[in-house]
Amino acid sequence: AKIKITVITEKGEQDIYNYVSSGGSFGASSLQQETGLGKARSIKQIEVFWPASKTTQVFKNVEMNMSYKIVEGNNELIHIHPKTFSFSKEEKQIHEHRH
């Protein structure tokens, strides 16, 4: 799929592009995309072009700093809550001593 994210910055609109391959085995070429938005103030829209069906989906009113699942043919963004983790105090101390 081809993803185009249009963001609003202090200088105007900026387009950010991502390309998603068909994935791979054992986590290679993940279908999950993480996109840095630089100095964006907001997201104007996200366009996803699906090459298999040759269709384009457009999502507006997208919140920043969120995770979404996009499914071909489903015109709603699905908000997901990625799993988080934190280091124990002991693990933090080990990490700090190594660096």
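Just so it is clear, the model here is predicted, and its values are computed rather than measured.

What counts and what doesn't
- Residues numbered from 1 in each chain as written.
- Predicted model: local features only at pLDDT ≥ 70, side-chain atom pairs only at ≥ 80, totals over all residues.
- Heavy atoms only, no water.
- Core = buried A, V, L, I, M, F, W, Y, C linked by side-chain atoms within 4.5 Å.
- Buried < 20%, exposed > 50% of the residue type's maximum accessible area, 1.4 Å probe, protein only.
- Helix = DSSP H or I, 4+ residues; strand = E, 2+ residues; numbered from the N terminus.
- Contact = heavy atoms within 4.5 Å.
- Salt bridge = Lys/Arg side-chain N within 4 Å of Asp/Glu carboxyl O.

S.K.: In this structure, what is going on with the nonpolar core? I would like to understand it.
M.R.: Across soluble globular proteins, you tend to see nonpolar side chains buried next to one another. Ile 3, Ile 5, Val 7, Leu 37, Ile 43, Ile 46 and Val 48 are the most contacted members of the largest nonpolar core, which totals 14 residues. Contributions of two or more residues to this core are made by strand 1 (2-9), strand 3 (42-50) and strand 4 (55-62). Among the elements that line this core, the one with the most residues is strand 3, at four residues. Apart from the residues within four sequence positions on either side, Leu 37 is in contact with Ile 5, Val 7, Ile 16, Ile 43 and Met 64.

S.K.: Mind showing me how you'd approach the pattern of salt bridges here?
M.R.: Side-chain pairs of opposite charge can arise whenever the charged atoms involved come near each other. All chains considered together, the criterion is met by four salt bridges. For the salt bridge of Lys 4 with Glu 47, the shortest nitrogen-to-oxygen distance reads 3.8 Å. Linking Lys 4 in strand 1 with Glu 47 in strand 3, this pair joins segments that are 43 residues apart in sequence. Note on Lys 4: relative accessible area 25%, which makes it partly exposed. Arg 41 is the partner of Glu 10 in a salt bridge, and the nearest nitrogen-oxygen pair spans 3.7 Å.

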